Amino acid sequence: TNSYEKAPFSRRLSLPFLIQIAMNRFRSVVAPVWRDFLRYQKKPLVSKRSKLGLYEKRDVRTGHRITFSEKKTKRVFKPNRQRKRVWSDILQQWVGFDMTAAALKTIDKAGGIDNYLLKYRNLQSVHGLRVRDKIYQRLCEEGRVK
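Here the structure is a predicted model, which means the values were calculated and not measured.

J.: Where do I start with the side chain of Arg 132 in this structure?
T.: By the secondary structure assignment, Arg 132 is in helix 6 (residues 126-142). Setting aside chain neighbours within four positions, we find Arg 132 in contact with Leu 117, Leu 118, Tyr 120, Arg 121 and Leu 123.

Right, here's the structure in full:
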């Protein structure tokens, strides 16, 4: 037998073993920094679905379906999403959105889709941002906004 097989803790210095040592040292340096970055990240995680419409901070949630015998199985709570067209007073046309019932209530509270898109800064919808840009362009053309 070879001498390195007799000693339980000594290993032959092969290339895969050296790569493994280098990766372990790299992980010990990078992992804490990455963990801190994820811990102090400011932006909330947003699903792709809520970026496509006006979801008003609603998103897919998970939970349990509980039977009479109190067995728990996984289930998904989906937001109350509706496909709606709302009238834009500034653009003078109908604008279609996927929106939740909560977003529809907030639009009514704001006084219309124009005020909602101009007032609320935490829009995550790509389509909502496009419509807001069109509204700003129309307002600039009319001279209401500089």
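J.: How should I be thinking about the nonpolar core in this particular structure?
T.: Counting residues in hydrophobic clusters, the biggest one holds 18 residues, and the most contacted among them are Leu 54, Phe 97, Ile 113, Tyr 116, Leu 117 and Ile 135. Elements with a minimum of two residues in this core: strand 4 (93-100), helix 4 (101-110), helix 5 (113-119) and helix 6. Broken down by element, this core gets its largest block of residues, 4 residues, from helix 5. In contact with Ile 135, other than residues within four places in its own chain, are Ile 90, Leu 91, Asp 114, Leu 117 and Leu 118.

J.: I keep staring at the packing of aromatic side chains and nothing clicks. Help me out?
T.: Two measures describe an aromatic ring pair: the distance that separates the ring centres and the angle between the ring planes. On inspection of all chains with the given rule, the structure shows 2 aromatic pairs. Where Tyr 116 meets Tyr 120, the ring centres are 5.0 Å apart and the plane angle is 45°; that geometry is what we call tilted. Take Tyr 116: its relative accessible area is 3%, and that puts it in the buried class. Over the ring of Phe 77 we find Arg 75, and its NZ or CZ is 3.8 Å from the ring centre. Taking the ring centre of Trp 94 as reference, the NZ or CZ of Arg 85 above it sits at 4.9 Å.

J.: Just checking my understanding: could you explain the environment of Asp 89 for this structure?
T.: For Asp 89, the location among the structural elements is in the loop between strand 3 (81-88) and strand 4. Linking Asp 89 and Ile 113, residues 24 residues apart in sequence, is a C-alpha distance of 8.4 Å. Side chain to side chain, Asp 89 and Trp 87 meet in a polar contact 3.2 Å long.

J.: So what exactly am I meant to see when it comes to the pattern of salt bridges here?
T.: Two side chains bearing opposite charge may form a pair once their charged atoms approach each other closely. For the structure on display, the rule yields 4 salt bridges. Across the salt bridge formed by Asp 98 and Arg 83, the nearest N and O atoms sit 3.5 Å from each other. Of this pair, Asp 98 sits in strand 4 while Arg 83 sits in strand 3, placing them 15 residues apart in sequence. A salt bridge links Glu 141 to Arg 138; the nearest nitrogen and oxygen atoms lie 4.0 Å apart. Taken together, the residues span about one helical turn, with Glu 141 and Arg 138 both in helix 6 at a distance of 3 residues. Judged by relative accessible area, Glu 141 falls into the exposed class, the value being 64%.

Scoring rules and cut-offs
- Residues numbered from 1 in each chain as written.
- Predicted model: local features only at pLDDT ≥ 70, side-chain atom pairs only at ≥ 80, totals over all residues.
- Heavy atoms only, no water.
- Helix = DSSP H or I, 4+ residues; strand = E, 2+ residues; numbered from the N terminus.
- Contact = heavy atoms within 4.5 Å.
- Core = buried A, V, L, I, M, F, W, Y, C linked by side-chain atoms within 4.5 Å.
- Buried < 20%, exposed > 50% of the residue type's maximum accessible area, 1.4 Å probe, protein only.
- Phe/Tyr/Trp six-rings, centres within 6.5 Å; stacked < 30°, edge-to-face > 60°.
- Lys NZ or Arg CZ within 6 Å of the ring centre and 35° of its normal.
- Polar contact = N/O pair within 3.5 Å; in protein donor to acceptor, adjacent residues only side chain to side chain.
- Salt bridge = Lys/Arg side-chain N within 4 Å of Asp/Glu carboxyl O.

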